[in-house]
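Commentary on secondary and tertiary structure
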Amino acid sequence: PYSPEVHQIIQEGIFGSQPPPAGTDPMRFAYPPFVILPIAPLLSLRFDWAISAWFSLNLLILMICTRYAFPKMPLWMLVILPLSYPFAIGLALGNFSVLVFAILIACLGSQLTHKNPSSLVQICLGAGLAWTLAKPQISWFFVAFLILYALLLKRKAFLIAWAGGLAGMVGFSFAVLP
């Protein structure tokens, strides 16, 4: 419906000063390869099953992590959380920023409200915190805060899991895309 000139101006506004070269995909997957790790078990499923499983997994993890972070939160607040606009859109689109938020909130809850989390919980949250760096624009400040706070609390399992998880994910990324 637009003239070629208007289409060209729109393309330049979206993709920068020049349109993308012919034969390239300007909307390609631009995240680090380790982002695919939580999705990998779903790749063998048909798309309709995979998207349903991903939605359910994100919803379940959001609820569990929020409940872990805020154990005294009223149940009605937990139920309406996914109905708020950012989460509803993120869940509907299958965006992994919902998973990033859930991990960050669980890590914050663990560090700030749980006096003595088990080593297993610390390891899971440390590795999860490393994965949140897939969206650094959301997580860098929280990661820095949580690492400094874990150093202050001397939570070695959390710190080792974070460093090991980050090293493993960077190694995976270089193995996939050298």
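Provided above is the structure to which this section pertains.
Residues numbered from 1 in each chain as written. Predicted model: local features only at pLDDT ≥ 70, side-chain atom pairs only at ≥ 80, totals over all residues. Heavy atoms only, no water.

Most often, soluble globular proteins keep nonpolar side chains buried together rather than apart. Formed by 35 residues in total, the largest nonpolar core has its most connected members in F96, C107, L129, W131, I147 and F158. Secondary structure elements with two or more residues in this core: α2 (47-69), α4 (85-93), α5 (97-113), α6 (119-131), α7 (136-153) and α8 (156-176). It is α5 that provides the largest number of residues to this core, a total of 10 residues. The contact partners of W131, leaving out residues within four places of it in the chain, are F34, V35, P38, F96, L99, V100, I103 and M169. (Core = buried A, V, L, I, M, F, W, Y, C linked by side-chain atoms within 4.5 Å. Buried < 20%, exposed > 50% of the residue type's maximum accessible area, 1.4 Å probe, protein only. Helix = DSSP H or I, 4+ residues; strand = E, 2+ residues; numbered from the N terminus. Contact = heavy atoms within 4.5 Å.)

What follows is about a nonpolar patch on the surface. Together, L75, W76, M77, V79, I80 and L83 line one region of the surface with nonpolar side chains, adding up to about 650 Å² of accessible area. Its place among the elements puts L83 in the loop between α3 (75-80) and α4. What makes L83 exposed here is its relative accessible area of 65%. (Patch = residues over 30% accessible without salt bridge, like charges linked within 9 Å, V, L, I, M, F, W, Y side chains within 5 Å. Areas by Shrake-Rupley, 256 points an atom, 1.4 Å probe, with all protein chains shown as cover. Salt bridge = Lys/Arg side-chain N within 4 Å of Asp/Glu carboxyl O.)

Time to look at the packing of aromatic side chains. Tallied over the entire structure, the rule returns six aromatic pairs. Between F96 and W131, the ring centres sit 5.7 Å apart and the planes meet at 65 degrees, which makes this aromatic pair edge-to-face. Separated by 35 residues along the polypeptide, F96 in the loop between α4 and α5 and W131 in helix α6 bring together distant segments of the chain. For the pair W140 and F141, a centre-to-centre distance of 5.9 Å together with 85 degrees between the ring planes defines the contact as edge-to-face. W140 sits in the exposed class, given a relative accessible area of 55%. Looking at F141, the relative accessible area reads 51%, which means it is exposed. Chaining the aromatic ring pairs together yields one cluster made of Y31, F96 and W131. Sitting above the plane of the F96 ring, K135 keeps its charged end 5.3 Å from the centroid. (Phe/Tyr/Trp six-rings, centres within 6.5 Å; stacked < 30°, edge-to-face > 60°. Lys NZ or Arg CZ within 6 Å of the ring centre and 35° of its normal.)

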